[in-house]
Every structure is written in structure tokens, then in C-alpha cells.
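In case you want the letters, here they are:
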Amino acid sequence: MPQTLSGIGGLAHIGIRVHDMERSAAFYALPGFQFVAGPIGPEPVAILSHPSGVEINLILNAPTASEANVLMDGPEKPAGITHFALLCNDLDTAIKELRGAGLEPSAGPVDFGGQARGLFLRDPDRNVIELHQRL
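It should be emphasised that the depicted structure is a prediction, and the values quoted were computed from it without experimental measurement.

**Q** Before we move on, could you go through the pattern of salt bridges and cite the residues and values that matter?
**A** Pairing between side chains of opposite charge can happen when their charged atoms approach one another. In the structure shown here, the tally under the stated rule is three salt bridges. With its nearest N and O atoms 2.7 Å apart, the salt bridge here joins Asp125 to Arg23. Pair noted here: Asp125 is in the loop between strand S7 (116-122) and strand S8 (128-134) and Arg23 is in helix H1 (residues 21-29), with a separation of 102 residues, a long-range link. Here Arg23 falls in the partly exposed class, since its relative accessible area comes to 27%.

**Q** If you had to explain the sheet that holds strand S2 (residues 34-40) to someone new, which residues and values would you point to?
**A** Spatially, the four strands line up as an open sheet ordered S1-S4-S3-S2, and their pairing is mixed. Pairing within the sheet leaves two strands with one partner each, and these edge strands are strand S1 (14-17) and S2. For this sheet the average axis-to-axis angle between neighbouring strands, irrespective of direction, equals 20 degrees. The pairing of S2 with strand S3 (residues 45-49) spans four bridges and is antiparallel. Counterpart to Ile40 in the pairing with S3 is Val45.

Cut-offs and rules
For every chain, the first residue of the written sequence is number 1, and numbering continues from 1 along that sequence. In keeping with the predicted nature of the model, local features appear solely for residues at pLDDT of at least 70, side-chain atom pairs appear and are counted solely at 80 or more, and the whole-chain, interface and lining totals rest on all residues. The side-chain values count all of the structure's non-hydrogen atoms but skip hydrogen atoms and water molecules. Any Lys or Arg side-chain nitrogen located within 4 Å of an Asp or Glu carboxyl oxygen qualifies as a salt bridge. Comment: elements are numbered from the N terminus, with helices defined as DSSP H or I runs of at least four residues and strands as E runs of at least two. Accessible area is worked out with a 1.4 Å probe on protein chains only. A residue is then buried under 20% of its type maximum, exposed over 50%, and partly exposed in between. Being paired, for any two strands, means DSSP has found at least two bridges between them. Geometry is summarised by axes, namely lines fitted to C-alpha atoms with helices restricted to the contacting stretch, and by angles between N-to-C directions that run from 0 to 180 degrees.

Structure (C-alpha cells):
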């Protein structure tokens, strides 16, 4: 096996399992994601794109509208991706805008050793998103 894979050029997309496309698309519109296509494919997927180049694939197969996040909400901490972080130029303004939209952070702001600050929130399906401001 090679030491590293050649030809990797960046992040293609982030797949997020959700229950309801409209509900999730409305949530992700707040940080600027726009609906591109979907649902498409055998596991129905809706594609959302951000002007920064980040793409989210909403995987539309969560069976219920509200359940615990198996990676974050239980006493055991299994391996897995716990969150993704979106770069944010002004965390204080983002907090005001979130609250203006009726959303409360689930944690933070957190200081990361004077190098960055982060704010955590949950989407409607309890997936964790960090808004990350580099200082």
C-alpha cells in the first residue's frame, strides 16, 4: 500500500443523514447553503452547495423526525465523525443572527487556546455543526 494516495484535491462533500429534506434544507440555508438537486439516487440524496465551495449531501433516510445522535448523546463514545466545522469570520454576529432566527447554540462559544473560537449547534436531526472563527 502506498504511503499516501496521489491525486487528492480537497473535500468533495459531507454526507449528513436526515429525516426531512425541506426541514434540513431550510436549516442549512441559514449559513448560506443553496439547494442544487434531489432527491436522487438509490438512497435518496439532496445536494446543497455553499458559495465557498463546500457541498452537503442530505441523505434522506433517517427513519424518525427526532432521535438521539448515537455518536454524541449516549454515555458511550463510539468512533465516528462527531461534527463538521464551517469557517466563520465573525462569530459574535453569527450568534446574534442564529438567535434572531430562533436557534440557540448547543455549546460555546469555546476558546481554543487563543488561536480560534467555536460555537456548536444542532441541525433538526441533532447532527452537530461548529461555526469556527480563526483568530
